[in-house]
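Residues per chain are reported as follows:
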Amino acid sequence: MAANGIDPIHQFIIAPAFHVGPIEVTNSSLFMVVVLAIISFIMIVGTSQRALVPGRLQSLGEVAYEFVASTVRGSAGQEGMKFFPLVFSLFMFVLISNLVGLIPYTFTVTSHIIVTFALAALVISTVLIYGFVRHGFHFLNLFVPSGVSPFLLPLLVMIEVISFVSRPISLSVRLFANMLAGHITLKVFGGFVAMLLGTGTWAIILAPLPFAMTVALTALELLVAGLQAYVFAILTCVYLNDAIHPGH
Amino acid sequence: MTQSATTSTEVGHDQHAKAPFPPFDSSTFGPQLIWLVIVFGVLYLLMSRIALPRVAGILEARRLARETDLAEAERLKNETGIAIASFEKALADAHAHAEEIGAQTRDRLNAQIMEKRKAFDEEIAANLTSEEHTIADSKARAMENVREMAIEAAHDIVARFTGKAPPKAAIVAAVEKINHY
């Protein structure tokens, strides 16, 4: 493709990377495994010393642990800690996927709606299953706000149901769209650099401008990568809190 | 495009202009989901079974170590406080004891001194009395000698003037008379 260099969509194409026997490993699945390997390296290899005074890698693991643990405790209470491994896995998976995707020539796992939607569906199904198992039909109190006049109640219940149903969509689309848009923007500005370098005389003056923009955007995308992972984790906690304490 | 070429042209379109936007390409959903389930399942198992319990153990061990260290420090501090208190008490006791001994010694020495002084005073007084007696005796004896010398001198003087020795009794009486003035 002639426009390969500046085609901002090309980076999202899923292509076979290699084959392991009959199994086709695509770039997406490859980077999922890479993400898994990085997280395992930090959390398992890094903590294998069990040092009282932690080294760098162990500190990283401990910081991640305490950060997610305080998020879960703050949003879902002590009871929410039974979901801590789930929230931690989600947070680390999204965070490392986002960060790895920022490295040029890598693939961003979370830039595919099916991945983010599957994660969101996992969260919502956990909320539903736990909510019904724990509270039975009292879980439906979640949709009935207390202290509201009976005339307004049907309307409010409808609004609550709609907001609940839209949760998996908003949760998945938010992450997906952030990653997609960020990477497209980066690619577009990166493409401008390449295009302006071909303008001859003006290249020296013009090409650095989108390059500076790319640098600034990369910093922004780093922030977004962390922020979106945090948002995903904290919303998971908030939804799980609804499953734990449905009456509000 | 002919009917017979439909398949090949559709494949061609898929890869070019009409290729779906990759994230919405449903043909990739299945494999991605399978891989995601496997990878996330393994991740969840590794985290929940190995990593998180281990980190929790590390943090707990650190908390325990910190608490025992703090408790130990507190205990040592208390011990130090007790030691200081007992030391100060011992010091105060020793001070008090030393003062008591000092006072006793002073009183005892004062008493001894007073006693000795009293004895000394008495001795001096006794000596003084005996000396006074001796002096008075000597004086009396000296006065006796002087009287006799005066009587003799008067007798001699009168004998020279008159040429005959006066009666002794008159001289003695005269000397006694002068001596009374």
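Everything that follows concerns the structure shown earlier in this document.
Now for a quick tour of the structure. Given the structure is predicted, the values throughout are model-derived calculations rather than measurements.

**A closer look at the packing of helix α3 (residues 84–101) of chain A against helix α4 (residues 113–135) of chain A**
All names here are of chain A.
No. 1: In the contact formed by α3 and α4, the axes pass within 12 Å of each other and the chain directions differ by 165 degrees. With respect to each other, α3 and α4 are oriented roughly antiparallel. Relative to α4, the crossing made by α3 is left-handed. For the pair α3 and α4, contact is made by L86, L90, F93 and V94 and by V115, L119, L122, V123 and T126, respectively.

**Quick look at the pairing of strand β2 (residues 23–26) of chain A**
All names here are of chain A.
No. 1: Pairing geometry for strand β1 (residues 16–20) and β2, over 4 bridges, is antiparallel. Residue pairing across strands places F18 opposite V25, the latter belonging to β2.
No. 2: Turn length for the β1-β2 hairpin, with the two strands adjacent in sequence and antiparallel, is 2 residues, and the turn residue G21 shows positive phi of about 60 degrees.

**As for the interface of chain A and chain B**
No. 1: At the junction of the two partners, chain A supplies 44 residues and chain B supplies 30 residues.
No. 2: When chain A packs against chain B, close to 3400 Å² is buried across both sides, 82% of that on carbon and sulfur atoms.
No. 3: Where chain A touches chain B, the interface holds 1 salt bridge.
No. 4: For R62 of chain B, the salt bridge goes to E62 of chain A, with nearest N and O atoms at 2.8 Å.
No. 5: Run the count over chain A and chain B and you get 7 residue pairs in polar contact (both at pLDDT 80 or more).
No. 6: Elements with a contribution of two residues or more to the side of chain A that touches chain B: β2, α1 (27–45), α2 (56–76), α3, α4 and α5 (153–197) of chain A.
No. 7: In terms of residue class, the side of chain A that touches chain B is built from 31 nonpolar, 9 polar and 4 charged.

**Brief notes about α5 of chain A**
No. 1: Taking 1.5 Å per residue, 45 residues should reach 66 Å; α5 of chain A reaches 63 Å between its end C-alpha atoms and fits that length.
No. 2: The largest bend in α5 of chain A comes to about 40 degrees, at S166 of chain A, with the proline P168 of chain A one to four residues further on.

**Description of the packing of aromatic side chains**
Residue and element names in this part refer to chain A.
No. 1: Counted under the stated rule, the structure contains 12 aromatic pairs over all chains.
No. 2: With 4.9 Å between their ring centres and 80 degrees between their planes, Y65 and F84 make a pair best called edge-to-face. Note that Y65 is positioned in helix α2 and F84 in helix α3, a separation of 19 residues in sequence. The pair Y65 / F84 is uniform in exposure class, with both members buried.
No. 3: Centre to centre, the rings of F189 and F192 are 5.7 Å apart; their planes meet at 75 degrees, and the pair counts as edge-to-face. You can see F189 and its partner F192 sitting in helix α5, 3 residues apart, about one turn around the helix.
No. 4: Taking the relative accessible area as the measure of exposure, F192 reaches 35% and is therefore partly exposed.
No. 5: A connected cluster of aromatic rings, assembled from ring pairs, spans Y65, F84 and F88.

**Here we look at unusual backbone geometry**
All names here are of chain A.
No. 1: Although it is not a glycine, R50 sits at a positive phi angle of roughly 50 degrees.
No. 2: Mapped onto the elements of the fold, R50 is located in the loop between α1 and α2.
No. 3: Of note in the backbone geometry, Y105 takes a positive phi value of approximately 70 degrees without being a glycine.
No. 4: Residue position: Y105 is located in the loop between α3 and α4.
No. 5: You can call Y105 exposed: its relative accessible area is 87%.

**What to know about the nonpolar core**
No. 1: Counting residues in hydrophobic clusters, the biggest one holds 68 residues, and the most contacted among them are M43, F84, F88, F93 and L119 of chain A.
No. 2: Those elements that place two or more of their residues in this core are α1, α2, α3, α4, α5 and α7 (208–244) of chain A together with α2 (29–162) of chain B.
No. 3: If we ignore the near neighbours within four places in the chain, the residues touching M43 of chain A are G61, F88 and M92 of chain A together with M47, A51, L52 and V55 of chain B.

**With respect to the packing of α2 of chain A against α2 of chain B**
No. 1: α2 of chain B packs onto α2 of chain A with a crossing angle of 95 degrees between their chain directions and a minimal axis gap of 10 Å. As the angle between them shows, α2 of chain A and α2 of chain B are arranged roughly perpendicular. When α2 of chain A is examined against α2 of chain B, the residues Q58, E62, Y65 and E66 of chain A are found in contact with a partner set consisting of L52, V55, A56, I58, L59 and R62 of chain B.

**Observations concerning the side chain of T116 of chain A**
Residues and elements named next belong to chain A.
No. 1: Within the fold, T116 resides in helix α4.
No. 2: One polar contact links the side chain of T116 to the main-chain carbonyl oxygen of I113, over a distance of 3.1 Å.
No. 3: At 3.1 Å, the side chain of T116 forms a polar contact with the backbone oxygen of S172.
No. 4: Excluding anything up to four places from it in sequence, T116 contacts T110, S172, L175 and F176.

Calculation rules
Sequence order as written defines residue numbering, which begins from 1 separately in each chain. Each chain gets a letter, beginning with A, and each ligand a number, beginning with 1, in the order they are written. The predicted nature of this model means local features are confined to residues of pLDDT at least 70 and side-chain atom pairs, given and counted, to a pLDDT of 80 or more, with totals for whole chains, interfaces and linings taken over all residues. Note that the side-chain values use all heavy atoms of the structure and ignore hydrogens as well as water. Every axis in this analysis is a line fitted to C-alpha atoms, fitted for helices over the stretch in contact. Angles between the N-to-C directions lie between 0 and 180 degrees. Every helix listed is a DSSP run of H or I at least four residues long, and every strand listed is a run of E at least two residues long, numbered separately from the N terminus. When describing relative orientation, an angle under 35 degrees is termed roughly parallel and one over 145 degrees roughly antiparallel, while 65 to 115 degrees is termed roughly perpendicular and anything else oblique. Each helix crossing is assigned a hand: it is left-handed if the near helix lies turned anticlockwise from the far helix by less than a right angle, otherwise right-handed if that turn is clockwise. Residue contacts are counted whenever heavy atoms from the two residues lie within 4.5 Å of one another. Being paired, for any two strands, means DSSP has found at least two bridges between them. A 1.4 Å probe defines the accessible area here, and the buried area is the portion of it lost by two parts on being joined, summed over both. Between Lys or Arg on one side and Asp or Glu on the other, a salt bridge is scored when a side-chain nitrogen of the former is within 4 Å of a carboxyl oxygen of the latter. Two N or O atoms form a polar contact when they lie within 3.5 Å of each other; inside protein one atom must be a possible hydrogen donor and the other a possible acceptor, and for residues adjacent in sequence the pair counts only when both atoms belong to side chains. Polar here means any residue outside two lists: the nonpolar Ala, Val, Leu, Ile, Met, Phe, Trp, Tyr, Cys and Pro, and the charged Asp, Glu, Lys and Arg; Gly therefore counts as polar. Multiplying one less than the number of residues by 1.5 Å gives the expected span of a helix. Fitting axes to the seven residues that end at a residue and to the seven that start at it, the angle between those axes gives the bend at that residue. Geometry of aromatic contacts follows a simple scheme: Phe, Tyr and Trp rings, the Trp one being its six-membered ring, pair when their centres are within 6.5 Å, and the pair is stacked under 30 degrees between planes, edge-to-face over 60, tilted otherwise. Under the scheme applied here, a residue whose accessible area is under 20% of the maximum for its type counts as buried, over 50% as exposed, and between as partly exposed, the area being computed with a 1.4 Å probe on protein chains only. Working definition of a nonpolar core: buried Ala, Val, Leu, Ile, Met, Phe, Trp, Tyr and Cys residues. They are joined through side-chain atoms within 4.5 Å.

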